[in-house]
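Commentary on secondary and tertiary structure
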Amino acid sequence: MRALGQAAWAEWGKLWSVRSTWWCLASASALMVLTAVALAAAQATDAVRDRVPGVRVTASESVVSATSFVQFALVALAMLVITAEYSSGGIRVTLQATPVRGVVLAAKALVVAPVMFAAGVLSGAVATAAVYAVLQADVFGGLVVLPFGEAVRDLAGAGLYFALVSVLTLGVGAAMRSAAGTLTVVFMLLMGLPLLLLMTGSQAALDASMRMPMFAGLAFMDSVDNMTGGPIPYSAGEGLAWLLAWAAAGVAAGYAVLRRRDA
């Protein structure tokens, strides 16, 4: 346990000592605000144009919808936590300082997950406030509402989604060891393969797509599948279970490679 604590402290220092961390977090925050405002404004504009009675736009719901776009800024950061060490040769120093490789990977995950959770919650809170402020304009008909309980749930869900996707990315990075390979695999898992499966029109392919990380996360956040226009066909609890399983599978793959290969 002491070795894990020391390794995590070292990883914490390394994370904040490079400018890429700050750039990725700033980019994610800006993208969250812009995307959430754009999605909410589009929804409100449609409601006003179509004169749909009783429609209300919950400010924090647009944050959940924006996660599909914002996630890649944080994926890039999670990827660099491991792949940058391989490209620079710093992984040798890390493994000399902490020879137990499972401890190294666990320490990185213990640092990455809470940082990404906090990034999701904080950027989501700023985006929610921005949506609420913008949609108060007369042109949007004052349709925005901000229920406190729903906002807390949506922001916590977005933060947990980002944390688990980042842990998955960390595991893939440990397995692939290169930024290009990691980004390709993670993009395919999060968006490329699910969309390809949806395009086949097969029910079996649709069911498989719905169990992949992005849709599992949307189900967990109690969202609507914007790709198919209907609800994701399982509960929020099952969505969280699938998301946890994907994160665990990524870490297991990364550990298997890290234990077997030399740095």
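Preceding this paragraph is the structure being described.
Cut-off values and rules
Residues numbered from 1 in each chain as written. Predicted model: local features only at pLDDT ≥ 70, side-chain atom pairs only at ≥ 80, totals over all residues. Heavy atoms only, no water. Helix = DSSP H or I, 4+ residues; strand = E, 2+ residues; numbered from the N terminus. Contact = heavy atoms within 4.5 Å. Areas by Shrake-Rupley, 256 points an atom, 1.4 Å probe, with all protein chains shown as cover. Patch = residues over 30% accessible without salt bridge, like charges linked within 9 Å, V, L, I, M, F, W, Y side chains within 5 Å. Salt bridge = Lys/Arg side-chain N within 4 Å of Asp/Glu carboxyl O. Buried < 20%, exposed > 50% of the residue type's maximum accessible area, 1.4 Å probe, protein only. Polar contact = N/O pair within 3.5 Å; in protein donor to acceptor, adjacent residues only side chain to side chain. Core = buried A, V, L, I, M, F, W, Y, C linked by side-chain atoms within 4.5 Å. Phe/Tyr/Trp six-rings, centres within 6.5 Å; stacked < 30°, edge-to-face > 60°. 1 Å grid on protein atoms, 1.4 Å probe; cavity = no way out; pocket = protein on both sides within 12 Å on 5 of 7 lines; lining within 4 Å. Points joined across faces, edges and corners; volume = space filled by probe spheres on them. Nonpolar A, V, L, I, M, F, W, Y, C, P; charged D, E, K, R; others polar. Expected span 1.5 Å × (residues − 1). Axes fitted to C-alpha atoms, helices over the stretch in contact; angles between N-to-C directions. Parallel < 35°, antiparallel > 145°, perpendicular 65-115°, else oblique. Left-handed = near helix turned anticlockwise from the far one by under 90°.

Attention now goes to the overall build of the protein. Counting secondary structure elements, the protein contains 10 helices and 4 strands. The N-to-C order of helical and strand elements in the protein reads α-α-β-α-α-α-β-α-α-α-α-β-β-α. Overall, the protein is about 65 × 40 × 30 Å in size when its C-alpha atoms are taken along their principal axes. Across the protein, every contact between residues at least 6 apart in sequence was considered, and the portion connecting residues at least 24 apart equals 76%. By element, 68% of the accessible surface of the protein is carried by carbon and sulfur atoms, the whole surface being about 12,300 Å².

The next point concerns a nonpolar patch on the surface. Together, Phe187, Met188, Leu193, Leu196 and Met199 make up a nonpolar patch on the protein surface, roughly 480 Å² of accessible area in all. One can find leucine 196 in helix α7 (residues 179–200).

Further remarks concern the environment of alanine 248. Here alanine 248 shows up in helix α10 (residues 236–260). With 81 residues separating them along the chain, alanine 248 and valine 167 place their C-alpha atoms 8.2 Å apart.

The next thing to look at is the side chain of threonine 83. As for its placement among the helices and strands, threonine 83 is situated in helix α3 (residues 61–88). Looking at threonine 83, the relative accessible area reads 4%, which means it is buried. Within the structure, threonine 83 has its side chain in polar contact with the backbone oxygen of methionine 79 (distance 2.8 Å). Those residues in contact with threonine 83 that sit more than four places away from it in its chain are Gly173, Arg177, Ser178, Ala179 and Thr182.

Among the nonpolar cores identified, the biggest contains 74 residues, and Val131, Leu135 and Tyr161 are the most heavily contacted of them. Those residues in contact with valine 131 that lie beyond four places of it in its chain are Ala36, Val37, Ala40, Ala59, Ser62 and Val144.

Let's shift gears to the packing of aromatic side chains. Aromatic ring pairs are reported here in terms of the distance separating the ring centres and the angle at which the planes meet. Throughout the structure, instances matching the rule amount to 4 aromatic pairs. With a centroid separation of 5.6 Å and an interplanar angle of 65°, the aromatic rings of tryptophan 12 and tryptophan 16 are classed as edge-to-face. Pair noted here: tryptophan 12 and tryptophan 16 are both in helix α1 (residues 2–16), with a separation of 4 residues, about one helical turn. Tryptophan 12 sits in the partly exposed class, given a relative accessible area of 38%. Measuring from centroid to centroid gives 5.0 Å for tryptophan 16 and tryptophan 22, while their planes differ by 50°, and the two rings are tilted. By relative accessible area, tryptophan 16 is classed as partly exposed at 25%. Cluster of aromatic residues (ring-pair linked, three or more members): Trp12, Trp16 and Trp22.

Within the element layout of this structure, glutamate 238 appears in helix α10. According to the relative accessible area criterion, glutamate 238 is partly exposed, its value standing at 30%. For the pair glutamate 238 and phenylalanine 162, spaced 76 residues apart in sequence, the C-alpha separation works out to 17 Å.

Attention now goes to the layout of surface pockets. When its volume is computed, the second largest pocket comes out at roughly 220 Å³. Lys14, Val18, Leu80, Val81 and Ala84 are the residues nearest the centre of the second largest pocket, which is lined by 13 residues in total. When contributions to the lining of the second largest pocket are tallied by element, the ones reaching two or more residues are α1, α2 (19–50) and α3. Residue contributions to the lining of the second largest pocket peak at 6 residues, all from α3. Per-class residue counts for the lining of the second largest pocket are 6 nonpolar, 4 polar and 3 charged.

So, on to helix α6 (residues 148–176). Here α6 contains 29 residues, and its C-alpha end-to-end distance of 42 Å stays within 8% of the 42 Å for a straight helix at 1.5 Å per residue. Among the 29 residues of α6, 21 are classified as buried, and the element is accordingly described as predominantly covered. Just past α6, the residue arginine 177 takes up positive phi, approximately 70°.

Running from amino to carboxyl end, α1 crosses helix α5 (residues 101–134) at an angle of 55°, the nearest separation of the two axes being 8 Å. With respect to each other, α1 and α5 are oriented oblique. Remark: the crossing between α1 and α5 carries right-handed chirality. Contact residues: Ala3, Leu4, Ala7, Ala8, Glu11, Trp12, Lys14, Leu15 and Trp16 in α1; Val103, Ala106, Ala107, Lys108, Leu110, Val111 and Val115 in α5. Counted by class, the contact of α1 with α5 contains 13 nonpolar, no polar and 3 charged residues.

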